[in-house]
Amino acid sequence: MSNAMWEALAATPLPEVRRRAAVMDDLAEVEPVTVTGARRLAWNDGGGQSAVWYFAEDGRVLLLTFDHESSLNLYAEEDFALQESFYEGVPASLVALVRDRPENYESLNLTDSATGRRIHYAGGVFWYDGTRWHVSDGLAEYCRREDVDLFGESGFDYCLGDYRFGQDFTPETVVAGREEDGSYEDEKEREADLLGVREVFARHG
């Protein structure tokens with residue numbers, strides 16, 4: 001399974017993954033949340049795309065990505081069994097972090113009409129076992145069966161783009177990316193933003 005961003009994430013030490021997740025959470029102004037046994041950090045672009053990280057106390061990680069414009073957006077399908085199948089192969093203790101939990105901006109709930117059980121929507125489900133990263137078995141199988149571009153359609157490539165895995169991640173690179181996107185009207189506005197971004201990075205040194 002070849003994907004440049006996947007390989008870059010796999011090559012990044014976990015403390016650095018967590019640092020970048022904390023910085024991106026702060027930049028997106030998402031409130032970190034402590035759930036039983038884990039810390040939740042998230043990013044969203046304000047338009048429906050998101051990346052959600054659950055850093056478990058035992059060193060494992062659950063990562064959910066969501067792109068509302070992709071074929072793996074199951075929000076309109078209301079197919080609980082299909083969404084739940086995307087979590088197949090992930091340890092039950094990690095899935096428990098997103099089952100029967102309150103929904104939030106990044107992760108809405110899908111409810112099983114028969115049982116009332118709930119699980120968070122996600123186009124991409126990935127996890128770290130303490131040593132290496134995995135794509136969930138259920139997601140991988142569905143993408144093989146339906147001939148779906150796993151990393152593209154899950155939102156993985158887009159949602160992790162600003163984390164810059166495998167590249168420099170500094171206040172300057174963040175601001176350069178924003179400048180490329182046309183975020184600033186003039187140099188004064190750019191410099192003011194750079195000062196703010198530097199403060200965010202300093203909080204997560």
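See the structure shown above.
All figures in this text were calculated on a predicted structure; none of them were measured in a lab. (Residues numbered from 1 in each chain as written. Predicted model: local features only at pLDDT ≥ 70, side-chain atom pairs only at ≥ 80, totals over all residues. Heavy atoms only, no water.)

1. Brief notes about the overall build of the protein
Consideration 1: Within the protein one finds nine helices and eight strands.
Consideration 2: A compact globule built from 205 residues should have a C-alpha radius of gyration of about 17 Å, and the protein, at 17 Å, falls within 12% of that.
Consideration 3: Element-wise, carbon and sulfur atoms account for 46% of the exposed surface of the protein, whose accessible area totals about 10200 Å². (Helix = DSSP H or I, 4+ residues; strand = E, 2+ residues; numbered from the N terminus. Rg over C-alpha atoms; globule rule 2.2 N^0.38 Å. Areas by Shrake-Rupley, 256 points an atom, 1.4 Å probe, with all protein chains shown as cover.)

2. Looking at the pairing of strand S3 (residues 50-56)
Consideration 1: With seven of seven residues buried, S3 lies mostly within the body of the structure.
Consideration 2: Covered by surrounding structure in S3 are Ser-50, Val-52, Tyr-54 and Ala-56 together with Ala-51, Trp-53 and Phe-55, the residues of both alternating faces.
Consideration 3: Counting the residues that bridge the hairpin from strand S2 (residues 38-44) to S3 gives five residues, and of these Gly-46 lies at a positive phi of roughly 80°.
Consideration 4: Strand direction decides the pairing type here: S3 and strand S4 (residues 61-66), joined by six bridges, are antiparallel. Paired with Val-52 across the bridge in S4 is Leu-64. (Buried < 20%, exposed > 50% of the residue type's maximum accessible area, 1.4 Å probe, protein only. Pairing = 2+ DSSP bridges.)

3. Describing helix H5 (residues 137-146)
Consideration 1: Here H5 has its buried residues at Gly-138, Leu-139, Ala-140, Tyr-142 and Cys-143.
Consideration 2: Where H5 is buried, its residues meet helix H3 (80-85), strand S7 (124-128), strand S8 (133-135) and helix H6 (150-153). (Contact = heavy atoms within 4.5 Å.)

4. Points about the state of the cysteines
Consideration 1: Counted according to the given criterion, the structure contains zero disulfides.
Consideration 2: Here Cys-159 stays unpaired: no disulfide links it, and the sulfur of Cys-143, its closest cysteine neighbor, is 14 Å away. (Disulfide = S-S within 2.5 Å.)

5. Quick word on helix H8 (residues 171-180)
Consideration 1: Buried within H8 are the following residues: Pro-171, Thr-173, Val-174 and Val-175.
Consideration 2: For H8, the elements touching its buried residues are helix H2 (14-27) and helix H9 (187-203).
Consideration 3: Where H8 ends, the next residue or the one after it, Gly-182, has phi of about 75°, a positive value.

6. Some points on the pairing of S4
Within a regular strand, side chains alternate between the sheet's two faces.
Consideration 1: When you tally the buried positions in S4, you get six out of six residues, the bulk of the element.
Consideration 2: Side-chain alternation along S4 places Val-61, Leu-63 and Thr-65 on one buried face and Leu-62, Leu-64 and Phe-66 on a second face that is also buried.
Consideration 3: Linkage of S3 to S4, two consecutive antiparallel strands, is achieved through a turn of four residues, within which Gly-59 is found at a positive phi near 95°.
Consideration 4: Bridge analysis of S4 against S7 gives five bridges, and the strand direction is antiparallel. From the neighbouring strand, Val-61 faces S7, where its bridge partner is Tyr-128.

Function cannot be inferred from these measures alone, as they are strictly geometric.
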